[in-house]
Amino acid sequence: MNNNVDNAEIAKFEALASRWWDKDSEFKPLHEINPLRANYIDERSPVAEQALVDVGCGGGILAEAMAQRGARVTGIDMGEAPLAVARLHAEQSGVPVDYRQCTAEQLAGEQPGHYQVVTCLEMLEHVPDPASVIQACADLAKPGADLYFSTINRNPKSYAFAIIGAEYVLRLLPRGTHEYRKFIRPSELAGWLRAAGLELVHTTGMTYNPLTQKYKLTERDVSVNYLMHARKRSATL
């Protein structure tokens, strides 16, 4: 399946690709939240020596962090320019990551049940059919594997914070990065997880304090950004 791609979304990130690893660029928020994301994943599913696929890897910020922790990482994305940046940075950093230009659905057709950890962060709100991506992630996972998803809630607060605040007032992100209608409520994401045969293990919010300019994980506040840890059910005998 090749059609679960929004070419306008790909073009947005293609245009910014050269600045992906500039920590003072439009990608500064990704660099700042990456330690939180990486620690959350590694603490719940120690990744050393595990086969891990990062779906929607972009320029490789999370993929490299996981490889540095000892995971055997495959990073996939449909953006040619971000992948070129990711490959160059990995080469310069000496971090082994296998980057491929393909969709989750394509890779799932080639490598079903192959991965012990699957990550899909800040990506679901950029595709036409998030449920299809989640099903593909489930198909990529081995029985008993851990999967991690993150996205943005859909409510008036998230519109105010993630679009008006982040893109127009604080200018943390380029205008047009997000579309409100593509935001995903936790109940919707949880429903897609169940439909894909996944068990929801844990949910946490990620909050930003504009005064301290710091991000932190906050379980009780999933009103804007949030992460979900899911698990693929083990095969029954």
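To be clear, the structure that these remarks concern was listed above.
Everything numeric here is computed off the predicted structure, so don't read it as measured data.

Asker: Mind laying out the environment of alanine 51, listing which residues take part and the relevant values?
Answerer: Within the secondary structure, alanine 51 is located in strand 1 (residues 51–55). In sequence terms alanine 51 and valine 117 are 66 residues apart; their C-alpha atoms lie 6.5 Å from each other. Residues in contact with alanine 51, not counting those within four places in the same chain, are Arg72, His114, Tyr115, Gln116 and Val117.

Asker: Lay out the packing of helix 6 (residues 130–140) against helix 8 (residues 186–195) with the relevant residues and their values.
Answerer: It is at 9 Å that the axes of helix 6 and helix 8 come closest, and there the two elements cross at 45 degrees. Taken as axis vectors, helix 6 and helix 8 run oblique relative to one another. Helix-helix and strand crossings are classified by hand; for helix 6 and helix 8 the assignment is right-handed. Every residue of helix 8 that contacts helix 6 at Pro130, Ala131, Ile134 and Gln135 is listed here: Leu189, Trp192, Leu193 and Ala195. Residues belonging to the contact of helix 6 with helix 8 are distributed by class as follows: seven nonpolar, one polar and no charged.

Asker: I'd like a description of the pattern of salt bridges, backed by residues and values.
Answerer: For the structure shown, the criterion picks out 14 salt bridges. Between lysine 182 and aspartate 6 there is a salt bridge, with its nearest N and O atoms 2.7 Å apart. With lysine 182 in the loop between helix 7 (156–169) and helix 8 and aspartate 6 in the segment before helix 1 (7–16), this pair connects stretches of sequence that are 176 residues apart. Between glutamate 110 and arginine 100 there is a salt bridge, with the nearest N and O atoms lying 2.6 Å from each other. Here glutamate 110 is found in helix 5 (residues 104–110), whereas its partner arginine 100 is found in strand 3 (residues 97–101), with ten residues between them in sequence. Of the residues examined, arginine 100 reaches a relative accessible area of 25% and is grouped as partly exposed. If you follow the salt bridges from partner to partner, you end up with Asp6, Glu9, Lys12, Glu179, Arg181 and Lys182 in one network.

Asker: Kindly report on the pairing of strand 3, identifying the contributing residues and their values.
Answerer: Pairing geometry for strand 2 (residues 72–77) and strand 3, over five bridges, is parallel. Note on strand 3: the bridge partner recorded for threonine 74 is aspartate 98. You can see the chain leave strand 2, run along helix 4 (residues 80–93) and come back into strand 3, and the turn it takes is right-handed.

Asker: Before we move on, could you go through a nonpolar patch on the surface and cite the residues and values that matter?
Answerer: Taken together, the side chains of Tyr159, Ile164, Tyr168, Val169 and Leu170 define a hydrophobic patch exposed on the protein surface, amounting to about 450 Å² of accessible area. Position of tyrosine 159 relative to the elements: it lies in helix 7.

Asker: Break down the nonpolar core for me, with residues and values.
Answerer: Counting 33 residues, the largest nonpolar core has Val55, Val133, Phe149, Leu189 and Leu198 as its most contacted members. Listed by contribution, the elements that provide at least two residues to this core are strand 1, helix 5, strand 4 (115–121), helix 6, strand 5 (141–152), helix 8 and strand 8 (225–232). When residues of this core are assigned to their parent elements, the largest contribution, six residues, is made by helix 6. Excluding anything up to four places from it in sequence, valine 133 contacts Asn4, Val55, Ala104, Glu105, Cys120, Met123, Leu124 and Val127.

Asker: Give me unusual backbone geometry: which residues, what numbers.
Answerer: Even without being glycine, glutamate 122 reaches a positive phi, approximately 50 degrees. Tracing the backbone shows glutamate 122 in the loop between strand 4 and helix 6. The phi dihedral of glutamine 213 is positive, around 55 degrees, even though this residue is not glycine. On the secondary structure map, glutamine 213 appears in the loop between strand 6 (198–209) and strand 7 (214–218).

Asker: Outline helix 6, listing residues and values.
Answerer: With eight of its eleven residues buried, helix 6 lies for the most part within the structure. Burial in helix 6 covers these residues: Pro130, Ser132, Val133, Ile134, Ala136, Cys137, Ala138 and Leu140.

Asker: Can you lay out the sheet that holds strand 6 for me, pointing to particular residues and giving the numbers?
Answerer: Spatially, eight strands are ordered 3-2-1-4-5-8-6-7 in an open sheet, and the strand pairing comes out mixed. Across the chains shown, the open sheet's two edge strands, defined by having one partner strand only, are strand 3 and strand 7. Mean inter-strand twist for the sheet, computed between neighbouring axes without regard to direction, equals 20 degrees. Two elements, strand 1 and strand 2, share five bridges in a ladder whose sense is parallel. The residue of strand 2 that forms the bridge with aspartate 54 is glycine 75.

Calculation rules
- Residues numbered from 1 in each chain as written.
- Predicted model: local features only at pLDDT ≥ 70, side-chain atom pairs only at ≥ 80, totals over all residues.
- Heavy atoms only, no water.
- Helix = DSSP H or I, 4+ residues; strand = E, 2+ residues; numbered from the N terminus.
- Contact = heavy atoms within 4.5 Å.
- Axes fitted to C-alpha atoms, helices over the stretch in contact; angles between N-to-C directions.
- Parallel < 35°, antiparallel > 145°, perpendicular 65-115°, else oblique.
- Left-handed = near helix turned anticlockwise from the far one by under 90°.
- Nonpolar A, V, L, I, M, F, W, Y, C, P; charged D, E, K, R; others polar.
- Salt bridge = Lys/Arg side-chain N within 4 Å of Asp/Glu carboxyl O.
- Buried < 20%, exposed > 50% of the residue type's maximum accessible area, 1.4 Å probe, protein only.
- Pairing = 2+ DSSP bridges.
- Right-handed = clockwise from strand over helix to strand, strands pointing away.
- Patch = residues over 30% accessible without salt bridge, like charges linked within 9 Å, V, L, I, M, F, W, Y side chains within 5 Å.
- Areas by Shrake-Rupley, 256 points an atom, 1.4 Å probe, with all protein chains shown as cover.
- Core = buried A, V, L, I, M, F, W, Y, C linked by side-chain atoms within 4.5 Å.

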